[in-house]
Amino acid sequence: MHPAPFHADVADGPETGAAVWLKTSDGVRIRVAHWQKPDAKGTVLMFPGRTEYIEKYGRSAADFAAQGYAMAAIDWRGQGLADRLIDDRDAGYVDQFPDYQHDVAAMLSALEALEMPKPWFLIGHSMGGCIGLRAVMSGLPVNAAAFSAPMWGIQMSSVMRPAAWALSWTGRRVGAGTRLAPGTKAETYVLAEPFEGNSLTHDPDMYTYMQEQMRQVPDMALGGPSLHWLNEALMEMRTLAARPAPDMPCLTFLGTDEKIVDPQAIKDRMAGWPNGKLVVIDGAEHEVLMELPAIRDKVHADCAAFFDAHLARHKAARQTA
């Protein structure tokens, strides 16, 4: 574990923010950020989505600090400032989807070494929700999990779905797996698309925040997914959908204006999660943690209250043990 670059000026988070380089068990260099909080109740583990990077969650770190929580976030392999896995650094790629669990393991070891306060709690956004679901199914040491528009399915038409399976499967087997999936671009989304009509947020300030991060630190940018990544993601989501929900308290947020992940897959999963609750947010798009102020304030507050409830039970259990 060694100090890594951390762009505090674009993160707009607590002054305690810092980052470290980590090496995973399979030899990939990743980056983890941590925002310490004196006398913190615990630590929020932020699992970002595809294309994202730790600085994007600086404002969330500030919101959780105001609620009494420290926070940590990760640059997954293949994005942010972590190692890119193929020559085309603009294409999203992972060898196998479960490889992200090596990143999770490295993050947990680092948080132990950094003495990030316990108990720990998870927030998984989009692709981070898919990675997080496998992690909690595998015993991730958190007291409770929250998910923001988790990628438990990708939104596409009934016509496109079999085509996506066929094209992604064929592409990787004929040596074209590193090519961008049809309909996607090499340029990162927030610079390629104007605010008007975007699929992420209704808040122009948050969209500008993301755009400025990409302009000031272009090395963190990532374009569309490769055919290989798409095929791996489809297989991972199918595998996880066949497994029962883990025995863990869960709170999941889904916007009514969601256009990226599959709302029905989220509803199906939460309908079978005995200790889970689905919160549907009227008028929210994909990035509920970066939506209009009233929405994002409520989501952060609801997450903190949810964590508080399970923190209290954790303390009570320890006192009676």
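Everything below is about the structure printed above this text.
J.: Account for helix 2 (residues 58-66), naming residues and giving values.
T.: If you check which residues of helix 2 are buried, you get G58, S60, A61, F64 and A65. Seen from one end, helix 2 has its buried residues packed into an arc of 155 degrees, which puts them on one side.

J.: Describe the pairing of strand 5 (residues 70-75), naming the residues involved and giving the relevant values.
T.: Residues in a regular strand project their side chains so that they alternate between the two faces of the sheet. By the criterion of burial, strand 5 is predominantly enclosed, with six of the six residues buried. Side-chain alternation along strand 5 places A70, A72 and I74 on one buried face and M71, A73 and D75 on a second face that is also buried. Pairing geometry for strand 3 (residues 29-35) and strand 5, over five bridges, is antiparallel. The residue bridging H34 from the neighbouring strand is A72, located in strand 5. Judged from the four bridges that link them, strand 4 (residues 43-47) and strand 5 form a sheet pairing that is parallel.

J.: A description of the nonpolar core should follow, citing residues and the corresponding values.
T.: Judged by nonpolar contacts, the single largest core of 58 residues is most densely connected at F47, F97, L140, M151 and W229. Discounting residues that sit within four places of it in the chain, F47 has contacts with W76, V104, M107, L122, I123, G124, H125, G128, I131, G132, A135 and L140. Of all hydrophobic cores here, the second largest spans 48 residues; its members include V10, Y209, F253 and L289.

J.: Lay out the packing of aromatic side chains in plain terms, naming residues and giving numbers.
T.: Scanning the entire structure with this criterion turns up 13 aromatic pairs. Here the aromatic rings of F306 and F307 are separated by 5.9 Å at their centres, their planes lie at 45 degrees, and the arrangement is tilted. F306 sits in the buried class, given a relative accessible area of 14%. By relative accessible area, F307 is classed as buried at 0%. Taken together through their ring pairs, the aromatic side chains of F47, W76, F97, Y100 and W229 make up a single cluster. Geometry around W229 places R50 over its ring, the cationic atom sitting 5.6 Å from the centre. Positioned above the aromatic ring of W120 is the side chain of K118, whose terminal nitrogen or guanidinium carbon lies 4.9 Å from the ring centre.

J.: Please provide a residue-by-residue account of unusual backbone geometry, values included.
T.: The peptide bond linking K118 to P119 adopts the cis configuration, its omega dihedral lying at 0 degrees. Within the secondary structure, P119 sits in the loop between helix 3 (100-113) and strand 6 (120-125). With a phi angle near 80 degrees, T51 is a residue other than glycine that sits in the positive phi range. By secondary structure assignment, the location of T51 is in the loop between strand 4 and helix 2. Look at A149: it is not a glycine, yet its phi comes out positive at around 40 degrees. Tracing the chain through its elements places A149 in the loop between strand 7 (145-148) and helix 5 (160-173). Judged by its relative accessible area of 0%, A149 falls in the buried class.

Cut-off values and rules
- Residues numbered from 1 in each chain as written.
- Predicted model: local features only at pLDDT ≥ 70, side-chain atom pairs only at ≥ 80, totals over all residues.
- Heavy atoms only, no water.
- Buried < 20%, exposed > 50% of the residue type's maximum accessible area, 1.4 Å probe, protein only.
- Helix = DSSP H or I, 4+ residues; strand = E, 2+ residues; numbered from the N terminus.
- Arc of directions from axis to C-beta.
- Pairing = 2+ DSSP bridges.
- Core = buried A, V, L, I, M, F, W, Y, C linked by side-chain atoms within 4.5 Å.
- Contact = heavy atoms within 4.5 Å.
- Phe/Tyr/Trp six-rings, centres within 6.5 Å; stacked < 30°, edge-to-face > 60°.
- Lys NZ or Arg CZ within 6 Å of the ring centre and 35° of its normal.

Purely spatial values, then, with no claim about function.
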